[in-house]
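Descriptive structure summary
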Amino acid sequence: MGEAVLTVAVTLGVLVLFLVVAAFGYGFLRPERAALLRRRPPRFPRHAPVHPHEVAVLIACRNGSATIGSTVRSARATGAQVFVVSDASTDATAATATAAGARVLELATNVGKPAALHAAYTAFDLGGAYRAVAILDDDVLVEPDFVTAALALLADDVAIVVGHNVTWWPAEHRWNPWLAKRAYSYWNYQAIVRRIQSHFNVMNCISGSNSVYRTELLDVLLPQQPPYIVDDTYWVLETHRRQLGKVVYAPRAVAQLQDPTTGRDWYRQNLRWLWGTFQGVIGHRVGRRHSRFDYAYLLLMLHWALYVAGAPATLWLLATAGPGFVGGLLLMLAGQAFWIALAAWRLGRPRLLLFLPTIVLTDLLYRVVLVHALVKAIRQPTVDRCVWSSPGRIAHPGAGAVVPIRTDA
């Protein structure tokens, strides 16, 4: 039985490698050839410093009355003016946001997040009245120093500052395995990949839920309808491709995010994110230019392939040439337990260790999601509109104050 499972797992890893090659072939054969960049350092635009009073907060919301009030209040606590666009909501979104202190634009037709953001950006003349805009999701709680922490890294050549993601994990959901998995994933990704990518300005993924953008950049990006299912994937790729500025990570600009609490929502959200990622790889012809970003992205994709194939291949080797299947499995669990223990310590969540079995299982499932997303992107490399259904939300309690949490990455 164990050998059969390993055989299937290794076959899945080989399939991923084949699909990655197929995706690159698709990118080469279908689109027109992109001109190679000359080997020279990019010249980024230079901008004047931005002060806290020159930052606005913009939130697109559809039927988010259970959370939008708390999100607006947490954003207002930063000292910034908050603007909300209700994307044809049928609940009390507009009234709740207004009562919380936001200026609200109501749309009669559901147009999707990117178009809604552009409508509000234009209607409120944010590009003319402010120097930077923090775009938040409608269920995010930001710390009071979120804006100042982000501005501390908004150097004159920086276009986007990416916030630090923390899973909002309320007591009534303390034993939810999907929240445990996401809390661990955020810590692991931000502690390693995101810090390295930020240092070398090769960040391929930003937090669409809590990032700060210069208005000079939004003036260029927001009028464009993203052809991918994830809008921020398009924005970050355009920023790199057109050399509109650096993209950096601000580990002290903390935002607590609502993450899926069911397996179905977790799978669908990850599928959408990865689908959008692979759409960007295909649509922006990643790997076809001589640039640091392309080289770094190729290394990242190699990491994905090794990630998918690595676990089953390691188990295979341990089972056939090492201590056997059970011994090899226990050895791998011990290694995973070390990282989870480190995350539990840094996040101040000791109970995270108790989720070791479920984190390992969902980590294996994530490999399936990655393969599914790659196939989906090959079959549908673009979308007409960037519209989707959000996972179920948890209503924020009380006044919506941000719950303090250790966020060391």
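Everything below is about the structure printed above this text.
Quick caveat: nothing in here was measured; it's all calculated off a predicted structure.

So, how was this worked out
- Residues numbered from 1 in each chain as written.
- Predicted model: local features only at pLDDT ≥ 70, side-chain atom pairs only at ≥ 80, totals over all residues.
- Heavy atoms only, no water.
- Buried < 20%, exposed > 50% of the residue type's maximum accessible area, 1.4 Å probe, protein only.
- Helix = DSSP H or I, 4+ residues; strand = E, 2+ residues; numbered from the N terminus.
- Pairing = 2+ DSSP bridges.
- Phe/Tyr/Trp six-rings, centres within 6.5 Å; stacked < 30°, edge-to-face > 60°.
- Lys NZ or Arg CZ within 6 Å of the ring centre and 35° of its normal.
- Contact = heavy atoms within 4.5 Å.
- Axes fitted to C-alpha atoms, helices over the stretch in contact; angles between N-to-C directions.
- Salt bridge = Lys/Arg side-chain N within 4 Å of Asp/Glu carboxyl O.
- Arc of directions from axis to C-beta.
- Core = buried A, V, L, I, M, F, W, Y, C linked by side-chain atoms within 4.5 Å.
- Patch = residues over 30% accessible without salt bridge, like charges linked within 9 Å, V, L, I, M, F, W, Y side chains within 5 Å.
- Areas by Shrake-Rupley, 256 points an atom, 1.4 Å probe, with all protein chains shown as cover.
- Polar contact = N/O pair within 3.5 Å; in protein donor to acceptor, adjacent residues only side chain to side chain.

What follows is about the pairing of strand 8 (residues 246-257). The buried fraction of strand 8 is high, at nine of twelve residues. Strand direction decides the pairing type here: strand 5 (residues 141-142) and strand 8, joined by two bridges, are antiparallel. Bridge assignment links Leu141 to a residue of strand 8, and that residue is Gln256. As defined by bridge partners, strand 6 (residues 158-167) adjoins strand 8 across eight bridges and the pair is classed as parallel. Counted as the bridge partner of Ile160 is Val247 from strand 8.

Remark: the centre distance and the inter-plane angle together describe each pair of aromatic rings, the angle taken between the planes. Here the structure, examined in full by the defined rule, presents 15 aromatic pairs. Centroid distance Tyr228 to Tyr234: 5.8 Å. Interplanar angle 75 degrees. Geometry classified as edge-to-face. Using a relative accessible area of 9% as the deciding quantity, one classes Tyr234 as buried. With a centroid separation of 6.0 Å and 85 degrees between ring planes, the pair formed by Tyr297 and Trp304 is classed as edge-to-face. According to the relative accessible area criterion, Tyr297 is buried, its value standing at 4%. What links up through ring pairs into an aromatic cluster is the set Trp178, Trp266, Tyr307 and Tyr366. Here the guanidinium or amino end of Arg346 rests over the ring plane of Trp345, the centre of that ring lying 4.8 Å away. Directly above the aromatic system of Trp169 lies the positively charged group of Arg351, at a separation of 4.2 Å from the ring centroid.

This brings us to the sheet that holds strand 5. What the eight strands build is an open sheet, ordered 3-2-1-4-7-6-8-5; its pairing is mixed. Only two strands of the sheet have a single neighbouring strand rather than two, namely strand 3 (103-107) and strand 5. With five bridges connecting them, strand 4 (residues 132-136) and strand 7 (residues 210-214) associate as antiparallel partners. The residue bridging Ala134 from the neighbouring strand is Val212, located in strand 7. The strands that helix 3 (residues 93-100) touches are strand 1 (55-61), strand 2 (81-87) and strand 3; relative to strand 3, the one it contacts most, it runs at about 170 degrees.

Let us look at the pattern of salt bridges. Scanning the entire structure with this criterion turns up ten salt bridges. Measuring nitrogen to oxygen at the nearest pair gives 3.0 Å for the salt bridge that ties Asp156 to Arg46. Of this pair, Asp156 sits in the loop between helix 6 (146-151) and strand 6 while Arg46 is found in the loop between helix 1 (2-29) and strand 1, placing the two residues 110 residues apart along the sequence. The class of Arg46 is exposed, set by a relative accessible area of 58%. One salt bridge connects Lys246 with Asp157, and the closest N-O pair in it is separated by 3.2 Å. Of the two residues, Lys246 is situated in strand 8 and Asp157 in the loop between helix 6 and strand 6; the sequence distance between them amounts to 89 residues. Residue Lys246 is classed as partly exposed on the basis of its relative accessible area, which comes to 28%. By relative accessible area, Asp157 is classed as buried at 9%. Here the residues in one salt-bridge network are Arg46, Asp156, Asp157 and Lys246, joined through shared partners.

Turning our eyes to something else, we now look at helix 4 (residues 113-123). It helps to recall that an α-helix has 3.6 residues per turn; residues three or four apart then point in one direction. Among the residues making up helix 4, those that are buried are Lys113, Pro114, Ala116, Leu117, Ala120 and Tyr121. Projected down its long axis, helix 4 shows its buried positions confined to an angular sector of 165 degrees, all on one face. In helix 4, the exposed residues that point more than 90 degrees away from the buried face are Thr122 and Ala123.

We now examine the nonpolar core. Residues Leu58, Leu126, Ile160, Ile206, Tyr213, Trp235 and Tyr297 are the most contacted members of the largest nonpolar core, which totals 57 residues. Each residue touching Leu126, except ones within four places of it in the same chain, is listed here: Leu58, Phe83, Ala120, Tyr121, Val133 and Thr215. Ranked by size, the runner-up nonpolar core spans 34 residues in total, among them Ile68, Val140, Leu154 and Val158.

A few words now on the pairing of strand 1. Of all seven residues in strand 1, seven are buried; the element is thus mostly enclosed. Residues of strand 1 alternate between two faces, with Val55, Val57, Ile59 and Cys61 on one and Ala56, Leu58 and Ala60 on the opposite face, all of them buried. Bridge count between strand 1 and strand 2: six bridges; the pairing is parallel. Counterpart to Ala56 in the pairing with strand 2 is Gln81.

Nonpolar side chains collect at one region of the surface, where Ile192, Ile196, Phe200, Phe338 and Trp339 lie side by side and expose about 500 Å² of accessible area between them. Those elements that place two or more of their residues in the nonpolar patch are helix 7 (177-200) and helix 12 (325-347). The greatest single-element share of the nonpolar patch, amounting to three residues, is contributed by helix 7. The topology assignment puts Phe338 in helix 12.

Let's shift gears to the environment of Arg62. One can find Arg62 in the loop between strand 1 and helix 2 (68-76). Leave out the neighbours within four places in its chain, and Arg62 touches Asp87, Ala88, Ser89, Asn110, Asp138 and Arg393. From its side chain, Arg62 meets the backbone oxygen of Ala88 in a polar contact 2.8 Å long.

Just geometry here; none of it tells us what the structure is for.
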